[in-house]
Amino acid sequence: MSVIVLVEHTEGTIKKKSLEAVQYAADIAKKLGTTATAIVAGNVAESEMQNLGNYGAAKVLYIGDNRLNQLHARAFTRILVTAARQEGSPVIVALHDVNGRAIAPRVAVQLKAGLVSGALSSPDMSDGFVVKKSAFSGKAFAFVNVTSQVKVVMLAPNSFPLVKGEGSAVIENLTVAFDEKDFGVTVQSVDQITGEIPLSDAELVVSGGRGMKGPENWGLIEGLAKELGAATACSRPVADAHWRPHHEHVGQTGGTVRPNLYIAAGISGAIQHLAGVSGSKTIVVINKDPEAPFFKAANYGVVGDVMEVLPRLTEAVKKFKA
Ligand code: FAD
């Protein structure tokens, strides 16, 4: 018996959020008196898989099929269901992200398992299996007791602190009997976004809203982000107006970020925006309106014009680094 966890990678490099998921699965396994098994599919070097031992995986089940370098929800479902049955897994962990959302519910249906999405912390097993998760677009927390025998947990990225330890994982091959239909979707091409820090992995984010007035002023956001080594993000109207690409839009209908620092420049702080950023550890708001709702969610606030505050902040960071 072991707790299994689906591991994601980008061109063979295991994603940071998957290391978190492995550590999370290992934590659950320890509470259950068992071990964690990481499921890795596609082209991944042995050293990358062995590194999972440092985050608590006792075993890696590997399936090195090239087709699995891309998301095929049916194929990945079959992999997880096969592995869960083979391992007699009481808990299956996936990420609460685009891939996890496509795979985890299918796995839950096939295993007749209860599913909890957006998990924020390790389950409390003192009386059941109670998982804390965000609810009402991040405005509240819910505590869900999963009572089914088999449980699927989707972990929200950036919610379980990553601590590298020392350990080793045994790597074994996993055999799965695929059906041709599992690969029914063909990816024609992939547009790789290069030179940017991926928003989902970013620990620092500088974000702009309609208060930035137009795309011609985005150099101010990018300048500060460059000095800080931060990713850039934006509010939805900014993406809708094509000032910024849609993958930068955060909020209820966009991405969710949980960085250590989120700087919001010229963003009002509507509930739909907060839904995607309220998990940030520290929020700094720059807005010329002292009544802007975002100030209520901020740890630090600057009442001022972004056109003046951003260049001064960038200069201050430059001086601090010098
Ligand atoms: P505004 O509301 O126009 O605010 C601009 C702010 O900039 C104001 O507070 C203003 O005081 C300030 N400002 C103006 N000039 C300056 C200046 N020179 N210096 C400093 N401050 C200045 N929004 C999202 O962001 N993400 C979502 O995922 C999302 N999903 C939605 C889903 C639904 C179903 C709906 C109905 C709405 C959604 N929205 C979403 C839209 C959301 O309700 C807000 O309209 C949006 O977040 C506002 O964007 P904003 O703060 O950039 O613009």
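Residues numbered from 1 in each chain as written. Predicted model: local features only at pLDDT ≥ 70, side-chain atom pairs only at ≥ 80, totals over all residues. Heavy atoms only, no water.

As recorded in an unreviewed UniProt entry, the protein chain goes by Electron transfer flavoprotein alpha subunit and comes from Mucilaginibacter phyllosphaerae. In the Sequence similarities (unreviewed entry) part of its UniProt record, the protein chain is described as follows: "Belongs to the ETF alpha-subunit/FixB family." (UniProt positions renumbered as here; feature names shortened; annotations may be inferred.)

A. Representation of the sheet that holds strand 15 (residues 282-287). Strand order in the open sheet formed by five strands is 13-12-14-15-16, with parallel pairing between adjacent strands. Of all the strands in the sheet, the pair left with one neighbour each is strand 13 (231-234) and strand 16 (300-303). Across the sheet, the mean angle from the axis of one strand to that of its neighbour is 15°, orientation sign disregarded. Here strand 12 (residues 204-208) pairs with strand 13 via four bridges, running parallel. Note on strand 13: the bridge partner recorded for Gly208 is Cys234. Across the face of the sheet, helix 5 (residues 218-228) comes into contact with strand 12, strand 13 and strand 14 (261-265) while running at roughly 175° to strand 12. Each of strand 14, strand 15 and strand 16 is contacted by helix 9 (residues 306-321), which is oriented at about 135° to strand 15, the strand it contacts most. (Pairing = 2+ DSSP bridges. Helix = DSSP H or I, 4+ residues; strand = E, 2+ residues; numbered from the N terminus. Axes fitted to C-alpha atoms, helices over the stretch in contact; angles between N-to-C directions. Contact = heavy atoms within 4.5 Å.)

B. Region of interest: helix 5. Listed as buried for helix 5 are Trp218, Ile221, Leu224, Ala225 and Glu227. Check the buried side of helix 5 and you find it contacts strand 12, strand 13, helix 6 (236-240), strand 14 and helix 9. At the exit of helix 5 stands Gly229, carrying a positive phi of roughly 75°. (Buried < 20%, exposed > 50% of the residue type's maximum accessible area, 1.4 Å probe, protein only.)

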